[in-house]
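Tertiary structure, described
Listed here are the chains, written in short residue letters.
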Amino acid sequence: MDTQVLFVAPFETLANLARTVVEEGFKADKDLIHIIVGDLQEASGCVKKAVEDGAEVIVSRGGTASLIEQCVDVPIIHIQVTVTDVLRALIHNGNYPDKIGIAGFANMLYGCDELGKMLGIHFYEIALKEEAEAEQKITKAVGDGVELIVGDAISTKLAIRLGIQGELIQSGKEAIYKALHEALLIARIRREEQRKSEILRMVINHSQDGIIAVDRDRKITLFNPVVEKLFKTAYTEAMGKNIECLIPQLPAAKDDDMLQQVEDKTVAMRSVEIKVKEEVVGEIYTVQNVSEVQRFERNIRKKMSKKGLVAKYHMDDIIGQSAACLDMKRKAAKYALTESTILITGESGTGKEMLVQSIHNMSMRARGPFVAVNCAALPENLLESELFGYAEGAFTGAKKG
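Quick look at the structure, then.

Let's talk about the overall build of the protein
- Looking only at helices and strands, the protein features 16 helices and 13 strands.
- In the protein, buried positions account for 37% of the 401 residues.
- Just so you have it, the protein exposes about 24700 Å², and 54% of that area is on carbon and sulfur atoms.

So this is what it looks like as structure tokens:
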């Protein structure tokens, strides 16, 4: 399976800790997590390639995470830096100069004021929004007397280069575990949503009907290939346009079926509202070429006729004006509208099958197949089975189980 989560570590220590966390906490999913080392500039090529290869989520921290967000269009999970992480960095340094700078992006500075009050230290906050401004701001901080920079990889590298101490804020295992767990969950949800979207796309694109969707402003949001052919308009041209621009005569009132003339074709349209929690957020139109529907129905009937599964006769085909004949036809028409089984008796040659076919064509099953069974050609036990069914193995004694 392709990598789903890319872990970008700005420094090697974080990468090693992440590898340990993966081995300890994500053994079953370790093949889904890929770890690389480098800040944004060093890792940008790998990040873009990983996203192209199918990475669903990126995990990083500090400035590297914030800068990656501007470059790729996938979810970024930030490893949260806690007050404990900042305190650990200070203890690791071993002494507290008079002026300590806390440098990093907003997600690293939150809560430092409270820590300063607890320790009796005034922190010089160096808030970064982009990498380009880091050097200028840290240079200014050094000029203002800051002797120690505690912060992310970008900030501490600059501090050391400018000749003062730089102490990297390390992330703990718990923060890495939490970030990876969240990333894997989001990756699975994204894959599932992509699977559902692909199924829906295939259904829409291979539908026999044209499908148009509009939003609440009547702008087209979906336009499948059948509609492209019917209206001779490309998907790219239709998207975002008001549907009335495509179909000017579209009625305001929505009927069950709306007939529209599109150049030399008549199309049948039907609409249904899209509701989210009872709020109408759009509409879906299904569009059919009436001529195509009629041609399709004729082909089906021809195929059924060849198989002998079509009732050919109608009530008007039964010739007879006697009172008895008219009464029979009146009763047949009445019974045709019921769901009950009908038994017709009569001498050979009197037209029983013609009457049966007429009843079928007047019934709710008129569009279904008509199956005639020659009862005289079947033995009694087979006829019984044909009409009422039979148990498995009734004739041979052989059972599948």
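Still more ground to cover, so stick around.
Here's the deal with the pairing of strand β13 (residues 279-289)
- Strand direction decides the pairing type here: strand β9 (residues 210-215) and β13, joined by 6 bridges, are antiparallel. When the bridges of β13 are listed, Ile212 appears paired with Tyr285.
- Here 10 bridges tie strand β12 (residues 265-276) to β13, and the two strands are oriented antiparallel to one another. Looking at β13, one finds that Val276 is bridged to Glu279.
- Counting the residues between successive antiparallel strands, the hairpin from β12 to β13 contains 2 residues, one of them, Lys277, with a positive phi of roughly 55°.

Some thoughts on a nonpolar patch on the surface
- Residues Ile91, Tyr96, Met118 and Leu119 make up a contiguous nonpolar surface patch of about 420 Å² in total accessible area.
- On the basis of relative accessibility, which here comes to 33%, the residue Leu119 falls in the partly exposed class.

Concerning the packing of helix α14 (residues 323-336) against helix α15 (residues 352-362)
- For the pair α14 and α15, the least separation of the axes is 8 Å and the interaxial angle reads 40°. Classified by the angle between their axes, α14 and α15 sit oblique to one another. Relative to α15, α14 is oriented so that their crossing is right-handed. Contact residues: α14 offers Met328, Ala332, Ala333 and Ala336, while α15 offers Leu355, Ile359 and Met362.
- In terms of residue class, the contact of α14 with α15 is built from 7 nonpolar, no polar and no charged.

A closer look at the pattern of salt bridges
- Using the criterion set out here, one finds 18 salt bridges in the structure.
- For Lys173, the salt bridge goes to Glu24, with nearest N and O atoms at 3.3 Å. Remark: Glu24 occurs in helix α1 (residues 12-25) and Lys173 occurs in helix α9 (residues 173-205); sequence separation between them is 149 residues.
- Residue Lys173 is classed as partly exposed on the basis of its relative accessible area of 35%.

Here's the deal with the nonpolar core
- Within the largest apolar cluster, 26 residues are counted, with the highest numbers of intra-cluster contacts made by Val5, Phe7, Ile33, Val59, Ile79, Ile176 and Leu180.
- Every element with two or more residues in this core is listed here: β1 (5-9), α1, β2 (33-37), β3 (57-60) and α9.
- Counting residues per element, this core draws most heavily on α9, at 7 residues.
- Judged by nonpolar contacts, the second largest core, of 16 residues, contains Ile212, Ile247, Val267 and Tyr285.

Points about the side chain of Gln357
- Among the secondary structure elements, Gln357 is positioned in helix α15.
- Filtering out sequence-adjacent residues up to four positions away, Gln357 remains in contact with Ala311, Lys312, Tyr313 and Phe370.

Here we look at the side chain of Asn289
- Tracing the chain through its elements places Asn289 in strand β13.
- Among residues more than four places away in sequence, those in contact with Asn289 are Leu230, Lys265, Thr266 and Val267.

A look at the packing of α1 against α9
- At a minimum axis distance of 10 Å, the contact between α1 and α9 shows a crossing angle of 65°. Taken together, the axes of α1 and α9 lie roughly perpendicular to each other. Every pair of crossing elements has a handedness; the one defined by α1 and α9 is right-handed. Along the contact surface, α1 presents Leu14, Leu17, Ala18, Thr20, Val21, Val22, Glu24 and Gly25, while α9 presents Lys173, Ile176, Tyr177 and Leu180.
- Considered class by class, the residues forming the contact of α1 with α9 number 8 nonpolar, 2 polar and 2 charged.

Quick notes on the sheet that holds β1
- Spatial strand order, β2-β1-β3-β4: 4 strands in an open sheet with parallel pairing. Looking at which strands have only one partner, the edges of the open sheet turn out to be β2 and β4 (76-78). Within the sheet, the average angular offset between the axes of one strand and its neighbour, ignoring direction, is 25°.

A closer look at the environment of Phe26
- Its place among the elements puts Phe26 in the loop between α1 and β2.
- By relative accessible area, Phe26 is classed as buried at 5%.
- Along the primary structure Phe26 and Leu180 are separated by 154 residues, whereas in three dimensions their C-alpha atoms are 8.8 Å apart.

Section: the sheet that holds β12
- Here we have 5 strands laid out as an open sheet, ordered β10-β9-β13-β12-β11, and antiparallel in their pairing. Since the sheet does not close on itself, it has two edges, and those belong to β10 (220-223) and β11 (258-262), each with one partner. This sheet shows a mean twist of 30° between the axes of neighbouring strands, independent of strand direction.
- Here 5 bridges tie β11 to β12, and the two strands are oriented antiparallel to one another. Within β12, the position partnered with Gln261 by the bridge is Thr266.

Digging into the environment of Leu309
- Position of Leu309 among the secondary structure elements: in the loop between α13 (290-306) and α14.
- On the basis of relative accessible area, Leu309 is assigned to the partly exposed category, the value being 26%.
- Along the primary structure Leu309 and Gly368 are separated by 59 residues, whereas in three dimensions their C-alpha atoms are 8.7 Å apart.

What to know about unusual backbone geometry
- Positioned with a positive phi, Arg218 is a non-glycine residue whose angle comes to about 70°.
- Despite not being glycine, Lys277 shows a phi value in the positive range, around 55°.
- Within the secondary structure, Lys277 sits in the loop between β12 and β13.

What counts and what doesn't
- Residues numbered from 1 in each chain as written.
- Predicted model: local features only at pLDDT ≥ 70, side-chain atom pairs only at ≥ 80, totals over all residues.
- Heavy atoms only, no water.
- Helix = DSSP H or I, 4+ residues; strand = E, 2+ residues; numbered from the N terminus.
- Buried < 20%, exposed > 50% of the residue type's maximum accessible area, 1.4 Å probe, protein only.
- Areas by Shrake-Rupley, 256 points an atom, 1.4 Å probe, with all protein chains shown as cover.
- Pairing = 2+ DSSP bridges.
- Patch = residues over 30% accessible without salt bridge, like charges linked within 9 Å, V, L, I, M, F, W, Y side chains within 5 Å.
- Salt bridge = Lys/Arg side-chain N within 4 Å of Asp/Glu carboxyl O.
- Axes fitted to C-alpha atoms, helices over the stretch in contact; angles between N-to-C directions.
- Parallel < 35°, antiparallel > 145°, perpendicular 65-115°, else oblique.
- Left-handed = near helix turned anticlockwise from the far one by under 90°.
- Contact = heavy atoms within 4.5 Å.
- Nonpolar A, V, L, I, M, F, W, Y, C, P; charged D, E, K, R; others polar.
- Core = buried A, V, L, I, M, F, W, Y, C linked by side-chain atoms within 4.5 Å.

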